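Notes for the structure review
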Amino acid sequence: MIPRTIPTWQTKSWQEELSDLITQPEELFSLLNLPAELLPAAQKAHTLFPLRSTRAYVSRIQQNNPDDPLLKQILPLGEELIETPDFVDDPLEEEDFTPVPGLIHKYHGRVLLIAANQCAINCRYCFRRHFDYQQHALSRQQWQQALDYISNNKDVEEVILSGGDPLAVSDRQLSWLVAALAEIPHVERLRIHSRIPIVAPSRITEELLATLKDSGLLVSLVIHCNHPQEIDEEVAAALTALKNSGIILLNQSVVLKGVNDTSETLITLSKKLFQSGVLPYYLHLLDKVKGSSHFTVNEVDVLSLNRTLLANLPGYLVPKFVKEVPNAPSKVPII
């Protein structure tokens, strides 16, 4: 029997964890003993895109180290206030591919559903940091409109749950949605994109595993892990439980300056993911969303990273290096 909450030594439920997030820069600075001179800029950037993180994630960050690779992913910075040419609110032009609220249809054979309007963590480089989630917060009637769209498009074989983070919704809501998708005859595959197994592993419960395992669909879970330091014992246990339930586990990362832009970090990440049953899937070039330009790694350097990984890892541990291009029929390989 899979324990109700994994791992068993955790004392908080996932609901309690997600209701007790760190949402103020002052608390983050106090918990991590960060330099006070960084706080005013953090407070300003926080007003544009709020700080949001689980305590489990923050517990993996080194004290008094502004250069910690996990901290850089959640700490609001003054650089976010700088206007940079070509960095825009909607770099992927997703609004142009939204035929009904809450549904994005960009690629042949698959659609994306905005299954949740918030995340457990706000990544500072998020390409949807300016996305109007309230516009896509669906009522049950609007959900039916999205399901009808999928039913009426017979070429849609795969539905991707995204957000926000789809695992932030209740088991009841997720179970209803998965069951509704499973009833559509031409839908064969369900893919879930979630950062929650990394930032709140307590979410991987018996109920969740049963919902996915018993869905009748081919289920894959694409986690989002950028650095090997993000995988502690609790995360590894949650990932192993997912794998043991027959869920296909893949990882996507974004190459970020000062976080994971060295071959040593990426090689270690691929190996550590595989130890927990996860295959590297995509390594994305940064999407040019306003407020994230300080994370940019140029394409020439990314190509060099790719060559080094190919020379030092077996092919199945090398993620596909890609970028998103509006109106392209798929992700575009960086080669």
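Residues numbered from 1 in each chain as written. Predicted model: local features only at pLDDT ≥ 70, side-chain atom pairs only at ≥ 80, totals over all residues. Heavy atoms only, no water.

Now for the nonpolar core. By size, the foremost hydrophobic cluster in this structure holds 78 residues, and its most contacted members are Leu28, Leu113, Ile150, Val159, Leu161 and Leu181. Once you skip the residues sitting within four places of it in the chain, valine 159 turns out to touch Val111, Leu113, Ile150, Leu181, Val187, Arg189, Leu190 and Arg191. Ranked by size, the runner-up nonpolar core spans 14 residues in total, among them Leu309, Leu317, Val318 and Phe321. (Core = buried A, V, L, I, M, F, W, Y, C linked by side-chain atoms within 4.5 Å. Buried < 20%, exposed > 50% of the residue type's maximum accessible area, 1.4 Å probe, protein only. Contact = heavy atoms within 4.5 Å.)

Here the focus is the packing of helix 11 (residues 263-275) against helix 12 (residues 299-312). Axis separation between helix 11 and helix 12 bottoms out at 10 Å; the angle between their running directions is 50°. When the axes of helix 11 and helix 12 are compared, the pair comes out oblique. Viewed along their axes, helix 11 and helix 12 form a crossing whose handedness is right-handed. Contacts from Ser263, Leu266 and Ile267 in helix 11 reach Leu305, Thr308, Leu309 and Asn312 in helix 12. Its residues assigned to classes, the contact of helix 11 with helix 12 shows four nonpolar, three polar and no charged. (Axes fitted to C-alpha atoms, helices over the stretch in contact; angles between N-to-C directions. Helix = DSSP H or I, 4+ residues; strand = E, 2+ residues; numbered from the N terminus. Parallel < 35°, antiparallel > 145°, perpendicular 65-115°, else oblique. Left-handed = near helix turned anticlockwise from the far one by under 90°. Nonpolar A, V, L, I, M, F, W, Y, C, P; charged D, E, K, R; others polar.)

Our focus in this paragraph is unusual backbone geometry. Here the residue pair glycine 163 and glycine 164 is connected by a cis peptide bond, since its omega of 25° sits within 30 degrees of zero. Residue placement: glycine 164 occurs in the loop between strand 3 (158-162) and helix 7 (171-182). Even without being glycine, asparagine 33 reaches a positive phi, approximately 55°. By secondary structure assignment, the location of asparagine 33 is in the loop between helix 2 (25-32) and helix 3 (39-48).

The next point concerns the pattern of salt bridges. Close approach of charged atoms lets side chains of opposite charge pair. All chains considered together, the criterion is met by 14 salt bridges. For glutamate 188, the salt bridge identified is with arginine 189, shortest N-O distance 4.0 Å. (Salt bridge = Lys/Arg side-chain N within 4 Å of Asp/Glu carboxyl O.)

Bringing the environment of glycine 291 into the picture now. Tracing the backbone through its elements, the reader meets glycine 291 in the loop between strand 7 (279-284) and helix 12. Separated by 251 residues in the primary sequence, glycine 291 and proline 40 have C-alpha atoms spaced 17 Å apart. Glycine 291 has contacts with Glu80 and Arg129, leaving out every residue within four places of it along the chain.

Counting across every chain of the model gives three aromatic pairs. For the pair phenylalanine 274 and tyrosine 316, a centre-to-centre distance of 5.4 Å together with 50° between the ring planes defines the contact as tilted. Of this pair, phenylalanine 274 sits in helix 11 while tyrosine 316 sits in the loop between helix 12 and strand 8 (320-323), and the two are 42 residues apart along the sequence. When the centroid spacing of 4.1 Å and the interplanar angle of 25° are considered together, the rings of tyrosine 281 and tyrosine 282 count as stacked. One exposure class covers both tyrosine 281 and tyrosine 282, and it is buried. The positively charged end of lysine 106 is found above the aromatic ring belonging to phenylalanine 97, 6.0 Å away from the centroid. Sitting above the plane of the tryptophan 14 ring, arginine 203 keeps its charged end 3.8 Å from the centroid. (Phe/Tyr/Trp six-rings, centres within 6.5 Å; stacked < 30°, edge-to-face > 60°. Lys NZ or Arg CZ within 6 Å of the ring centre and 35° of its normal.)

These results come straight from atomic positions and should not be treated as a statement about function.
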